[in-house]
Every structure is written in C-alpha cells, then in structure tokens.
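Each chain is listed here by its residues.
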Amino acid sequence: MNYYSLNKKAPNTSFKNAVIKGLAPDKGLYFPVDITPLPKAFFDNIENLSDVEIAYQAIKQFITSEIPDAVLKKIVEETLSFNFPIVTLNDRTSTLELFHGPTMAFKDVGARFMARCLGYFNKDSTKQVTVLVATSGDTGGAVASGFLGVKGVHVVILYPKGKVSAIQEKQLTTLGQNITALEVHGVFDDCQDMVKRAFLDEELTRRIQLTSANSINVARWLPQLFYFMFAYKQLYKKHKEIVFSIPSGNFGNICAGMMAQQLGLPVKHFIASNNENNVVTRYLKTENYNPKASVQTISNAMDVGNPSNFIRIQEIYKNDFKRLKDNLSSYSFTDEETKLALAEMYNQYNYIADPHGAVGYLGCKSYLKQNPNAHCVFLETAHPTKFLEVVEEVIKKKLDLPPQIKAVINKEKVAIPIKNYNDLKGFLLNKQE
Ligand SMILES: *Cc1c(COP(=O)(O)O)cnc(C)c1O
C-alpha cells in the first residue's frame, strides 16, 4: 500500500517506510492512497467473525504484501489478546470498554500493533531504530509496554516531572530493558517541543534512525478502526442507527472511526466529545479553525490545543465543511459537568467511568436530545483507577486496583532527569556509541 503526505511535497511511500519514518520528509502526515470498502456481506455476517478475523480483514489492504499474511495474522492476534466488551447503560446508550489491555488505556492496541510491525521490518537490520515519544500520561505507558523487548528498537519516553499520575509514572519508568524514561523539568509542551526539535535536527537524524509512536504514525493510528467494528458486531442486531461519541484529544481515535466508515461500516454519525480544549467544537460552529494553547483539565489525555490528526479528517471529507458537518457533531464540557456525569452514571446505572469516558457520555446525552432514534456508543478510553483521586472523590467510594496496576505500583522508578534540548541530544548521541 502506498501512502502520500498531506503536505503534498514529498513522494509517496510504502507502509514500511511510513512506519519507520513516522512523518513524511515535508513534515506532512501520511494518508493511504486508496481505501477500498469491504464487501457488504462482511458487515451483514460480522457476528460470525472473531475479533482477530475482523481486524485482519480490515487492516490487510493498508499493508498488502509488505507483511506476509501469516505474519500479519499473528501480529493482529498478539495485539488483540484481551476483550472489548460493550456495557449497556440504557436503551439508547452503551459504552465500549477499551481499557482491558496491559496499561488499561485504549492506546495499548495501536502501540502493540506498531511495535510488532516495526519489529518485523527491523528483524534483519543491524540499524537500531529509536522511538522518541512525548507523553502527558497514557501514551508513555502504552508505548513502553507495547515495545518492551522488541529487537532493534530502543524507546525513549519524555514525560513532565510531577505532571503525570503516580500510576502512569510507574507504568513508564519501571520496565527497564529497551525502554528509557527521561523526566523533563517542565510541562508536557516542553517535552513535545523537544521531540519535534529532535526530528528537525539534521545532525541527530543523520546519525540515528528516529521515529514517532504518537498517533501521527500510521501503524498506531489505523488499528484503532477495529474498535468501531467490534462495537458494531455486538450491537447491530439490536439497533439500527448506531452513532459513536469519542472523547477526543489529538483526534486519532475518531479519525480511525471515520476510516472504518470509509470501509463500509454502517455508522450513522460521529460525535467528538471535548473538554474545554475545544478547537473542533468551535470550528463546527463558526467554520473558523482557531487552535489555542491547551488548558489543564481532569481529562488530561485530551488537553490538546491543536489536534494533530484533524488534518486527516479534513482529507477524508475533502475539505468540504458541509459534508463534514453532516457526519460529525462536537460538544465541549467543563470539569464540573464531567464530575456530575461520573456521579450520574454511578448513581443511575451503577457504572464507574473515568473522566474521559464521562466526557464521551455527555456527548451522547447532548446528541440524543436532538436525535431520539439513535443508539449512542461512547468509548471508555481508560480504566477509572488510572484517575483514582478524581473518581474516588466524586463517587465517594474506594476502588479496587486491577492486577495490571497492582503489578507496577511497588516497582522502583528509574528515570533520567533532563532540563533542556541539549540534555536530550547528548543522551541520544551517547546512547549510539
Ligand atoms: C489519548 C487519549 C484520548 C484521546 O485520544 P485521541 O486519539 O488523541 O483523540 C482519550 N482518552 C484517553 C484516556 C487517552 O489516553
């Protein structure tokens, strides 16, 4: 499969090269040249297919012969070694739980898939690939766990000191092996800026093969389209009009849902549910795209001022504002509203959500007021214990820690403190020798 750069100033490239490079040489995001819908029979009979079979059929065309069928099947199988259950709250609302993986955030699927693809492409190479990633919390843990032990790949995670939750910090600093955590004296934006600067640093990129494991990487982004098919499989016999509410930050997850729809998945509508970082909510109202510096909220994985994947959504709708608006609604909610939603779900449905899922739930409620015939599925993107303090305070109950969290909580943190870009560059170059 070929990919083109959305900046249109770089040559088309293979899946392999898109995965290894992350971004195109013109700094554009890669996008597949063709999208061929799956046969209608695939969706009509989807309840008879296993999750692995669904995922394999759906992703195959984006990779083609670059990974042999048997290897790709194995990669999909290993990626999806946990469940994606639907929990129904009422006639019109369900949630798809995406937090049953090793780090209990939905990013596990993309990280595990990408790690295995990179491992395959790198198996005969003597050249190390360095995956450089900045995290505000969940990405770091998922990438660390997904890439642990992958041959020829070294992972370097930058995280802001004191700004990730205690559990998130343990998840990204305790694995060892090929994973290194750098604790940055600064905020998330400083981490992100250093990573961007590294990609533009010619001296560095001449000596080191750097790639990104954020959702700009096609191998992390595309597997997220599986979720929407897994939800459809569990609901299509009961509900005719299925809509999805996606708690959104960088808009990679929702954009993957739109790719599933391009493949023929019968989705009626998408809802981008935002916290107060609401550039897309404002855009759909005013047609003005006005990125702003991010503000801190209790759903911190969505504290993104300028979502990197929105340009892919514009590409899907060919920059046609009306077409986009027919298929996408967006709402924005405050932390106060989010806490009330957590309490409401607990009191009315005995369901414990996390703050991101709660924003998704609110998106469903807003949409359903205008569209009473729809069945709305909100994605529950992280396990509530990852945001223990907020959740326990709101529902006034202690939560049990799941085994994935218990396993890291008493391990010893190992991180290298850094202050600035020179520290990062020095570390990367030394590592090379
Ligand atoms: C990353 C993340 C999101 C946002 O996903 P995007 O693909 O960036 O829009 C939402 N919830 C949680 C828990 C996350 O970790």
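A. The arrangement of the pattern of salt bridges in detail. Applying the stated criterion across every chain yields a total of 20 salt bridges. We note a salt bridge from Lys425 to Asp201, for which the minimum N-O separation is 3.0 Å. Taken together, the positions of Lys425 in helix α20 (residues 421-432) and Asp201 in the loop between α8 (188-200) and α9 (202-207) put the pair 224 residues apart, joining distant regions of the chain. Across the pair, Asp201 and Lys425 agree in class, each one buried. Salt-bridge contacts for Glu203 lead to Arg207; the nearest nitrogen and oxygen are separated by 3.8 Å. Placement of the pair is Glu203 and Arg207 together in helix α9, with a separation of four residues, close to one helical turn. When its relative accessible area of 36% is taken as the criterion, Arg207 is described as partly exposed.

B. A look at the site of the ligand. Around the ligand, 15 residues are found, and the nearest of them are Lys107, Asp138, Gly249, Asn250 and Thr381. For the ligand, an oxygen atom lies 2.9 Å from a polar atom in the backbone of Phe251. When the ligand is considered free in solution it has 390 Å² of accessible area, and contact with the protein chains removes 96% of it. Residue classes in the shell around the ligand are distributed as six nonpolar, seven polar and two charged.

C. α8, seen in detail. With 13 residues, α8 should reach 18 Å at 1.5 Å per residue; the first-to-last C-alpha distance of 19 Å fits that figure. Those residues of α8 that sit buried are Cys191, Met194, Val195, Ala198 and Phe199. Around the axis of α8, the buried residues are gathered within 140° of arc, so they sit on the same side.

D. Examining the state of the cysteines more closely. This structure, assessed with the given rule, holds one disulfide. Here Cys364 engages in a disulfide with Cys376; their sulfurs sit 2.1 Å apart. One disulfide, between Cys364 and Cys376, carries an S-S torsion of -75° and so falls in the left-handed class. Taken as a pair, Cys364 in helix α17 (residues 355-370) and Cys376 in strand β13 (residues 375-380) lie far apart in primary sequence, twelve residues in all. Under the relative-accessibility criterion, Cys376 is labelled buried at 0%. This cysteine, Cys255, is not joined by any disulfide, and Cys117 carries the nearest cysteine sulfur, 18 Å off. What makes Cys255 buried here is its relative accessible area of 0%.

E. Seen up close, unusual backbone geometry. One non-glycine residue, Lys8, lies in the positive phi region at around 60°. Position of Lys8 relative to the elements: it lies in the loop between β1 (2-5) and β2 (13-14).

F. Spatial organisation of the side chain of Gln261. Here Gln261 lies in helix α12 (residues 252-262). Using a relative accessible area of 17% as the deciding quantity, one classes Gln261 as buried.

G. Quick look at the sheet that holds strand β4 (residues 86-90). Strand order in this open sheet of six strands is β4-β5-β13-β10-β11-β12, and the pairing throughout is mixed. The two strands at the open ends of the sheet, each matched to only one other strand, are β4 and β12 (328-332). Going from strand to strand, the sheet's axes swing by 25° on average, the running direction of each strand aside. Running at roughly 140° to strand β10 (residues 242-247), helix α11 (residues 225-235) makes contact with β4, β5 (93-97), β10, β11 (269-274) and β13 of the sheet. On top of the sheet, helix α13 (residues 279-286) reaches β11 and β12; it is set at about 125° to β12, its chief contact.

H. Structural context of the environment of Arg220. Considering the arrangement of structural elements, one finds Arg220 in helix α10 (residues 218-221). Here Arg220 falls in the buried class, since its relative accessible area comes to 3%. Expressed as a C-alpha distance, the spacing of Arg220 and Cys117, which sit 103 residues apart in the sequence, is 9.9 Å. When sequence neighbours within four positions are dropped, the list of residues in contact with Arg220 reads Lys107, Gly110, Ala111, Met114, Thr139, Ala213, Asn214 and Ser215.

I. Geometry of the nonpolar core. Within the largest apolar cluster, 104 residues are counted, with the highest numbers of intra-cluster contacts made by Phe15, Phe147, Leu225, Met229 and Phe244. In contact with Phe147, not counting residues within four places along its chain, are Ala111, Met114, Ala115, Leu118, Val131, Val153, Val155, Asn178, Ile179 and Ala213. Counting 30 residues, the second largest nonpolar core, distinct from the first, contains Leu89, Leu362, Cys364 and Val391.

J. Focus on the sheet that holds strand β6 (residues 129-134). An order of β9-β6-β7-β8-β14 is seen for the five strands of this open sheet, with the pairing classed as parallel. The outermost strands of the open sheet, each flanked by one partner alone, are β9 (209-212) and β14 (416-418). In this sheet, neighbouring strand axes are inclined to one another by 30° on average, regardless of whether the strands run parallel or antiparallel. For β6 and strand β7 (residues 153-160), the ladder comprises six bridges, and the chain directions are parallel. Bridging from a neighbouring strand, Leu132 pairs with Val156 of β7. The strands that α8 touches are β6, β7, β8 (179-184), β9 and β14; relative to β6, the one it contacts most, it runs at about 150°.

Here is what the cut-offs are and how they apply
Residues numbered from 1 in each chain as written. Predicted model: local features only at pLDDT ≥ 70, side-chain atom pairs only at ≥ 80, totals over all residues. Heavy atoms only, no water. Salt bridge = Lys/Arg side-chain N within 4 Å of Asp/Glu carboxyl O. Helix = DSSP H or I, 4+ residues; strand = E, 2+ residues; numbered from the N terminus. Buried < 20%, exposed > 50% of the residue type's maximum accessible area, 1.4 Å probe, protein only. Near = heavy atom within 4 Å. Polar contact = N/O pair within 3.5 Å; in protein donor to acceptor, adjacent residues only side chain to side chain. Areas by Shrake-Rupley, 256 points an atom, 1.4 Å probe, with all protein chains shown as cover. Nonpolar A, V, L, I, M, F, W, Y, C, P; charged D, E, K, R; others polar. Expected span 1.5 Å × (residues − 1). Arc of directions from axis to C-beta. Disulfide = S-S within 2.5 Å. Pairing = 2+ DSSP bridges. Axes fitted to C-alpha atoms, helices over the stretch in contact; angles between N-to-C directions. Contact = heavy atoms within 4.5 Å. Core = buried A, V, L, I, M, F, W, Y, C linked by side-chain atoms within 4.5 Å.

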